[in-house]
Amino acid sequence: MTTTYVALLRGINVGGNKKLPMADLRTLLTGLGHDDVRTHLQSGQAVFTASQGEADGLAGELSAAIEQRFGFPVGVIVRDHAYLTAVADACPFPADALEPKQLHVTYFSAPVDPERFAGIDTAARLPEEFRLGDRCLYLYAPDGLGSSKLGEELARPRLTKGLIATTRNWNTVRKLVELTG
């Protein structure tokens, strides 16, 4: 039995750093024995099927292969369709009523204790808001992520220490559900 996964790569092809052409990523995944390999956008989403392995093991394997092939480390999170669908369905904000640029999901490599974010003064950041989910964080940023003070605060290394964390806008969240379905 095969499972369809998405690999979420953190911080590639941003500002000219960690250049990783999507054609090369597809070739690398195929070389690792995966099938039906496709990429979405240039910011590090690859969909593939695998008949063996579990998500964390597949993420580690791909991360090691990228470092060996391209010479730089890349954090990788691998998730299946059921997880991606559950994250989209559990959104605590009215996603259908918002512009996709206003809503983001940060995927984490492991469960996150809410205490990690307890020091954030949420009232001072309104109307921006965030909520934690299953190995993810939902961020509502009415003016977009680029000008979000809360988004900037949530991305601080002290809050993400020991985790791989990578953020996608709501359009990409929905598209990944579609591509893995």
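This text follows the structure it describes.
Fair warning: this is a prediction, and the values are worked out from it, not measured in the lab.

Student: So what exactly am I meant to see when it comes to the environment of leucine 176 here?
Tutor: Take leucine 176: it is sitting in helix H6 (residues 170-180). Look at leucine 176 and you get buried, because its relative accessible area is 0%. When neighbours within four sequence positions are excluded, leucine 176 is seen to be in contact with Val6, Leu8, Gln45 and Leu84.

Student: When you look at the pattern of salt bridges in this model, what are you seeing that I'm missing?
Tutor: Oppositely charged side chains can form a pair if their charged atoms are brought close together. Tallied over the entire structure, the rule returns 5 salt bridges. Across the pair arginine 79 and aspartate 56 runs a salt bridge whose closest N-O atoms are separated by 3.9 Å. Here aspartate 56 lies in helix H2 (residues 55-70) and arginine 79 lies in strand S4 (residues 76-80), a separation of 23 residues in the sequence. Among the residues examined, aspartate 56 registers a relative accessible area of 48% and is labelled partly exposed. Across the salt bridge formed by arginine 131 and glutamate 129, the nearest N and O atoms sit 2.8 Å from each other. When its relative accessible area of 37% is taken as the criterion, arginine 131 is described as partly exposed.

Rules used in this analysis
Residues numbered from 1 in each chain as written. Predicted model: local features only at pLDDT ≥ 70, side-chain atom pairs only at ≥ 80, totals over all residues. Heavy atoms only, no water. Helix = DSSP H or I, 4+ residues; strand = E, 2+ residues; numbered from the N terminus. Buried < 20%, exposed > 50% of the residue type's maximum accessible area, 1.4 Å probe, protein only. Contact = heavy atoms within 4.5 Å. Salt bridge = Lys/Arg side-chain N within 4 Å of Asp/Glu carboxyl O.

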